[in-house]
Amino acid sequence: MVSILFLVTTSFIIIVDSGTGMGEIGTDLDLFVPTRSDFSGGNGTVENPYRISNITQLQAMNNNLTEHFVLTNDIDASETEQWEGGFIPIGWQESIFTGSLDGDGYTILGLYVNIPGISYLGLFGNLGASWGSAYVHDLKIQASTVQGWSSIGLLAGYCWGSVIENCSVSGNISGGFDLGGMCGRFSGPPSYVNNCTSDVNITVETCVYYRDIGGLIGEMGSGNVVNCTSRGHINSTGMYTLHNVGGLIGYKGSGKVTNCISEVDMDLWGNMYYVGGL
């Protein structure tokens, strides 16, 4: 017998600094916290991960941030567009996900996140940390939307020291800076993205100064990106200064990129510095 999870409320206050446009959460999310019995089976170990079969169980990962999960079927996430603010990213704000998610080749369809003025948004907010890595593999995210301020990607807002393999994302994201189709920011050993694809429309919204926008990854510090492809479109909506825009990666530090392809169209306006196809 499977327990049913009910999302009671997602009410919160967003405080936006009028000078910077940056936002922060004014109160904690009033979110029903599910128990471990709310999954379709498993015990959260590598050998027997929690089994996820619907969107409420996917949201319940936020209460089990160090454990292991597997999808058992495609997930229809379209109802999240009706939730206040949409889906709450897994490992968000002060929380970090350091477990694993095995998509098993299944698709999350129609995921929706819309929290204006807020950073670290995606299916995952913070994926991995200096004290613990995460692993996401064989997952598809399709026809999904993430909107916010910075560090935004359909899979993860910020990936640190983690591994992403055999994943694909498609849909739309919008924000100010550190925008990437798959990951907004990506760094830290042993960060590794392998055999992944991104087909995302990225909209850079009005602000004074924008930077680090890429079809796959917005800002890449260290780590490795191997056998990846980015497609889609990068569009800016006004006249302003753009720094570090790339079809694959917006800004790359010491990381390595091997055998990757970019087929991203760009429609950019304003003063531009360091803009390239890859």
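Along each chain, numbering runs from 1 in the same order as the chain's sequence is written. Reporting of local features is limited, given that this is a predicted model, to residues whose pLDDT is at least 70; pairs of side-chain atoms are given and counted only at 80 or more, and all residues count toward the totals for whole chains, interfaces and linings. Each side-chain value is derived from all of the structure's non-hydrogen atoms; neither hydrogens nor water enter the calculation.

What follows concerns the sheet that holds strand S21 (residues 217-220). A sheet is described by the order of its strands in space; here five strands give the open sequence S9-S13-S17-S21-S25, paired in parallel fashion. What marks the edges here is a single partner per strand, and that holds for strand S9 (124-127) and strand S25 (249-252). Strand after strand, the sheet turns through a mean of 10 degrees between neighbouring axes, direction not considered. DSSP calls a pair of strands paired once it identifies at least 2 bridges connecting them. Put simply, DSSP H or I for four residues or longer makes a helix, DSSP E for two residues or longer makes a strand, and each gets a number counted from the N terminus. Here strand S17 (residues 183-187) runs beside S21; their pairing, made up of three bridges, is parallel. Note on S21: the bridge partner recorded for Cys183 is Ile217. Each axis is a line fitted through C-alpha atoms, and for a helix only the stretch in contact is used; angles between axes span 0 to 180 degrees, taken between their N-to-C directions.

Let us now look at the pattern of salt bridges. By definition, a salt bridge exists where a carboxyl oxygen of Asp or Glu is found within 4 Å of a side-chain nitrogen of Lys or Arg. Using the criterion set out here, one finds four salt bridges in the structure. When the shortest N-O distance is used, the salt bridge between Arg185 and Glu219 registers 3.4 Å. Here Glu219 lies in strand S21 and Arg185 lies in strand S17, a separation of 34 residues in the sequence. Residue Arg231 is joined to Glu263 by a salt bridge in which the shortest nitrogen-to-oxygen separation is 3.1 Å. On the criterion of sequence distance, the pair formed by Arg231 in strand S23 (residues 229-236) and Glu263 in strand S27 (residues 261-267) is long-range, its members being 32 residues apart. Via salt bridges that share partners, Asp178, Arg185 and Glu219 belong to a single interconnected network.

A few words now on the state of the cysteines. Any two cysteine sulfur atoms within 2.5 Å of one another count as a disulfide. Evaluated as defined, the whole model comprises zero disulfides. Free of any disulfide, Cys183 has its nearest neighbouring cysteine sulfur in Cys159, separated by 5.0 Å. Judged by its relative accessible area of 0%, Cys183 is buried. A 1.4 Å probe rolled over the protein chains alone gives each residue an accessible area, and that area as a share of the maximum for its type sets the label: buried under 20%, exposed over 50%, partly exposed in between.

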